[in-house]
Amino acid sequence: MALQQRTPAFGIRAIPGRYTTSLLTYRSLPDCRAAKPCRAAPASGALGRAPPPRRARGGGWRRASAAKAINREAAAAGVRGEGCGFCAGAARATLGTCLRSAPGSRCQGEMEGKRCRRLQPLSPSFLSSLRRGCGSRCSRRATRLRPPPSRPGRRFGEEGSASVVLPLGASSPFALLGASRSLPGTAGAGPGRERELRAGRVRRQDERGPGLLSRRALASLETSPGTCGDEQKGCLKQCKGESSNVFMEHIRRVCLVDTIDVCKQEMLQKKKNAVLVDGVILNGPIMDSRAGEKFVEEACKIIMEEIIQKADDVTEKVCEWRAPETLKQMLDLEMRDTGESHQKLLQLCRDVIQYSVKTGHPRFFNQLYAGIDYYSLVARFITEALNPSVYTYEVSPVFLLVEEAVIKKMIEFIGWEEGDGIFNPGGSVSNMYAMNLARYRFCPEIKEKGLSGLPRLVLFTSEECHYSMKKAASFLGIGTENVYFIKTDERGKMIPEELEKQVQRARKEGSAPFLVCATSGTTVLGAFDPLDKIADICEKHGLWLHVDASWGGSALISRKHCRLLHGIHRADSVAWNPHKMLLAGIQCCALLVKDNSGLLKKCYSAKASYLFQQDKFYDVSYDTGDKSIQCSRRPDAFKFWLMWKALGTTGLEERVNRALALARYLVEEIKKREGFQLLLEPEYANVCFWYIPPSLRKMEDGPEFQQKLHQVAPIIKERMMKKGSMMLGYQPHQGKVNFFRQVVISPHVSREDMDFLLDEIELLAKDL
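Here's the deal with the overall build of the chain
Step number 1: When helices and strands are tallied, the chain shows 21 helices and 20 strands.
Step number 2: Evaluated residue by residue, the chain yields a buried proportion of 52% over its 768 residues.
Step number 3: Surface summary for the chain: the accessible area is close to 37000 Å², and the carbon and sulfur share equals 52%.

Listed below in structure tokens is the structure:
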């Protein structure tokens, strides 16, 4: 009978301060229902049962010298089992291996209901079987072999060390040993020998010489439950008379001799070289790299399972709503003097994911960003792992070149022949950059002399502009009262004639106009200001024209919809956020400047001598960090670059076209349904509408109707959040009562999601 239900596994386990091996274990498959896995600490892995040990005369457990050595190292490392699933005692674990019983086996019958006699490490007979395993055709099943160390003393995991990964499936466990014949550098070991590299000596550990597998080990194979015993018996018969001790020698050489000696030598060396400074012992790093790597591996698994694989699953909740005080009690937010265990931290990671809003969900329509792009996500993983700062070429060579290439391509889409730019932490910062840049060009001495002695500076923007314009004016010392808001039409577009009036008014008042900020894609209505007419006024009065295209700039990628930004090439600066419509991932925001004379650097440079030395051995023009108000700066352009490389311009264009097509589909469905009323015909991806419940449909429009309608959207929003079915934004605007603003961005959104949105609103408001 074969081992269809028991698969062999070999692995190298890490024990704090030591490097050990798990020789051979059997992993019980799902039909071993009665088995409760034992777990060896600190390492976990393949858990299972080894062939039963042979009882020697006198009642003791016979141990070979190799088993004694293994046992001593396990005891020194403090490895213990947590208990067998079939008995009340504790099962002894050997070097990361737990000896357990499969249902129906002899061990279970003997142990069930009795106290365990503290199962011992691998039996001598089994170790002997390992040392005299077959070496013929079983080696075909071995895969992924890395060569053994080129010299003794390498730690496992270091360059030049050896590891063996044998996904053997249901094959004979002794194919494991046969695989050793293909290990480079081990052909010199003869049958029946075990070589150890202690002090350069070779010593025989097993004098019995070549022979067959032990009868007990062979019997355990032939009596194991399974369906393919003939194949296994054939393999064993073919291997009779053959013997290879190479693999056992390899295991001991790599993991039980050299590394133990190296560890002891390192410990002695550290003690000898320890230095005490200010009460702190300095004798090596204090971070456990192996434990950290394991934690990262486990956390990435959680991210993959709980976020990425569920990103497009509409059956998942968009959010798991909890009130703030409730969530504080559920999460362990306190920071303590001592650190938490990795298991506790991993559970915290799961909790954070569970109670966070899933912005990658197809039914997250709440903001001007949504969805998940896998290429951009991988780029973020890379930059987070490398942790670079983009200010000088010497510390961030790749990312500086990437940013340069991306800015150059974005400038082409605006329509400039040349230009400059920099990536910033948000469109709000880009608008502030542009405002300060315009002021610097108007009055360069302000950089050194400040605001004293300057006339009253005035800027102009539309009533529908982003609130960051007021914040920037306040931050830069211009003052919010010196921001002139220009009237807009019924669609939210700036009226050029009103702009002309306000410019003339400011000049008559003795003020100094210096900037006009137009908007391409307003936050609520998605309106695009008439850039050509506004540019004419700016040229007439010598004003800097900045276009806030943070939301609508991505329409430039589409040949069909780029007409929305007609005239943008006449702007002096543009803010564009690829993390919105193009899904580059928050945050990814660029300020692009038409001037190529170094205006950005002149305005913001501080010439820090410890960063921007002019006598470096390379072209210092690539040290672009002095163009920024930041010192440390993230490589945000990289995620946009990798996504662009993956999808191409055509793929990005398709995203924009599809999003606007879905918005148009939703508009047509709203017109067909009773109770839904559009605010206006959209020209971008913003769809604004009211839902009027049945109880209000027969009321006349008036103050009472408007007051009741104002309460509808907040109630529906509360219900959808607590249900977790979707997220949709609402707001009052320009004297209009609360209405919904639906924004289509994510490529995961389908036509069915548009239908679901309207159906869900009707369902949630049926009793209003």
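Structure shown, so let's carry the discussion forward.
Quick notes on the sheet that holds strand S9 (residues 364-365)
Step number 1: Strand order in the open sheet formed by five strands is S9-S19-S20-S18-S17, with mixed pairing between adjacent strands. Strand pairing shows two members of the sheet lacking a second neighbour, S9 and strand S17 (676-678), which therefore form its edges.
Step number 2: As paired strands, strand S18 (residues 686-691) and strand S20 (residues 736-743) are joined by four bridges and run antiparallel to one another. Note that in S20 the partner of Phe689 across the bridge is Phe740.
Step number 3: Seen against the sheet, helix H21 (residues 751-764) touches S9, S17, S18, strand S19 (727-733) and S20 and runs at an angle of roughly 25 degrees to S18.

Describing a nonpolar patch on the surface
Step number 1: On the surface, a cluster of nonpolar side chains totalling about 300 Å² of accessible area is made up of Val275, Val277, Val280 and Leu282.
Step number 2: Along the chain, the position of Val275 falls in strand S7 (residues 275-277).
Step number 3: On the basis of relative accessible area, Val275 is assigned to the partly exposed category, the value being 42%.

Details of the pattern of salt bridges
Step number 1: For the structure on display, the rule yields 43 salt bridges.
Step number 2: Where Arg336 meets Asp332, a salt bridge forms, and the shortest distance between an N and an O atom there is 2.9 Å.
Step number 3: Given the relative accessible area of 41%, Arg336 is considered partly exposed.
Step number 4: Here Asp332 falls in the partly exposed class, since its relative accessible area comes to 26%.
Step number 5: A salt bridge links Lys627 to Asp420; the nearest nitrogen and oxygen atoms lie 2.8 Å apart. In this pair, Lys627 sits in the loop between helix H18 (599-604) and helix H19 (637-672) while Asp420 sits in strand S10 (residues 420-424), placing the two residues 207 residues apart along the sequence. Of the two residues, Lys627 and Asp420, neither departs from the other in class, the shared state being buried.
Step number 6: Salt bridges sharing common partners tie together Asp332, Glu334, Arg336, Glu340 and Lys344.

Side note on the pairing of S19
Step number 1: Within S19, five of the seven residues are buried, which leaves the element mostly enclosed by the surrounding structure.
Step number 2: Direction of pairing for S9 relative to S19: parallel, over a ladder of two bridges. Opposite Phe365, over in S19, you have Leu728 as the bridge partner.
Step number 3: Relative to S20, S19 is paired through four bridges, and the arrangement is antiparallel. When the sheet's bridge partners are listed, His733 is paired in S20 with Lys736.
Step number 4: The loop that links S19 with its antiparallel partner S20 comprises two residues; one of these, Gln734, has a positive phi angle of about 50 degrees.

Comments concerning the nonpolar core
Step number 1: Residues Phe460, Phe640, Phe689 and Ile761 are the most contacted members of the largest nonpolar core, which totals 107 residues.
Step number 2: Counting residues per element, this core draws most heavily on H19, which supplies 14 residues.
Step number 3: Residues within four places of Phe460 in sequence aside, it is in contact with Tyr484, Ile486, Leu499, Gln502, Val503, Ala506, Pro513, Leu515, Val516, Cys517 and Leu543.

Quick word on the sheet that holds strand S11 (residues 457-462)
Step number 1: If you walk across this open sheet you meet the seven strands as S10-S16-S15-S14-S13-S11-S12, and the pairing is mixed. Unpaired on one side and paired on the other, S10 and strand S12 (483-486) mark the two borders of the sheet. Ignoring which end each strand starts from, the neighbouring axes of this sheet average 20 degrees apart.
Step number 2: Here S11 runs beside strand S13 (residues 512-519); their pairing, made up of five bridges, is parallel.

Some details on the packing of aromatic side chains
Step number 1: All told, the structure shown has 16 aromatic pairs when counted by the stated rule.
Step number 2: On the basis of an interplanar angle of 50 degrees and a centroid distance of 5.9 Å, the ring pair of Tyr393 and Tyr622 is categorised as tilted. A residue pair is termed long-range when its members are at least 10 positions apart, and Tyr393 in the loop between helix H11 (374-386) and helix H12 (397-414) and Tyr622 in the loop between H18 and H19 qualify at 229 residues.
Step number 3: With a centroid separation of 5.9 Å and an interplanar angle of 45 degrees, the aromatic rings of Phe413 and Trp644 are classed as tilted. One end of the pair, Phe413, is in helix H12; the other, Trp644, is in helix H19, with 231 residues separating them in the sequence.

A look at unusual backbone geometry
Leave glycine aside and you will find that most residues have negative phi; peptide bonds, for their part, are mostly trans.
Step number 1: With omega at 0 degrees, the peptide bond leading from Ile586 into Gln587 counts as cis.
Step number 2: By the secondary structure assignment, Gln587 is in the loop between strand S15 (573-576) and strand S16 (589-593).
Step number 3: A positive phi angle, close to 55 degrees, is found at Lys607, a residue other than glycine.
Step number 4: One can find Lys607 in the loop between H18 and H19.
Step number 5: With relative accessibility at 69%, the residue Lys607 sits in the exposed group.

About the criteria used
- Residues numbered from 1 in each chain as written.
- Predicted model: local features only at pLDDT ≥ 70, side-chain atom pairs only at ≥ 80, totals over all residues.
- Heavy atoms only, no water.
- Helix = DSSP H or I, 4+ residues; strand = E, 2+ residues; numbered from the N terminus.
- Buried < 20%, exposed > 50% of the residue type's maximum accessible area, 1.4 Å probe, protein only.
- Areas by Shrake-Rupley, 256 points an atom, 1.4 Å probe, with all protein chains shown as cover.
- Pairing = 2+ DSSP bridges.
- Contact = heavy atoms within 4.5 Å.
- Axes fitted to C-alpha atoms, helices over the stretch in contact; angles between N-to-C directions.
- Patch = residues over 30% accessible without salt bridge, like charges linked within 9 Å, V, L, I, M, F, W, Y side chains within 5 Å.
- Salt bridge = Lys/Arg side-chain N within 4 Å of Asp/Glu carboxyl O.
- Core = buried A, V, L, I, M, F, W, Y, C linked by side-chain atoms within 4.5 Å.
- Phe/Tyr/Trp six-rings, centres within 6.5 Å; stacked < 30°, edge-to-face > 60°.

Read these as layout, nothing more, since geometry by itself doesn't imply function.
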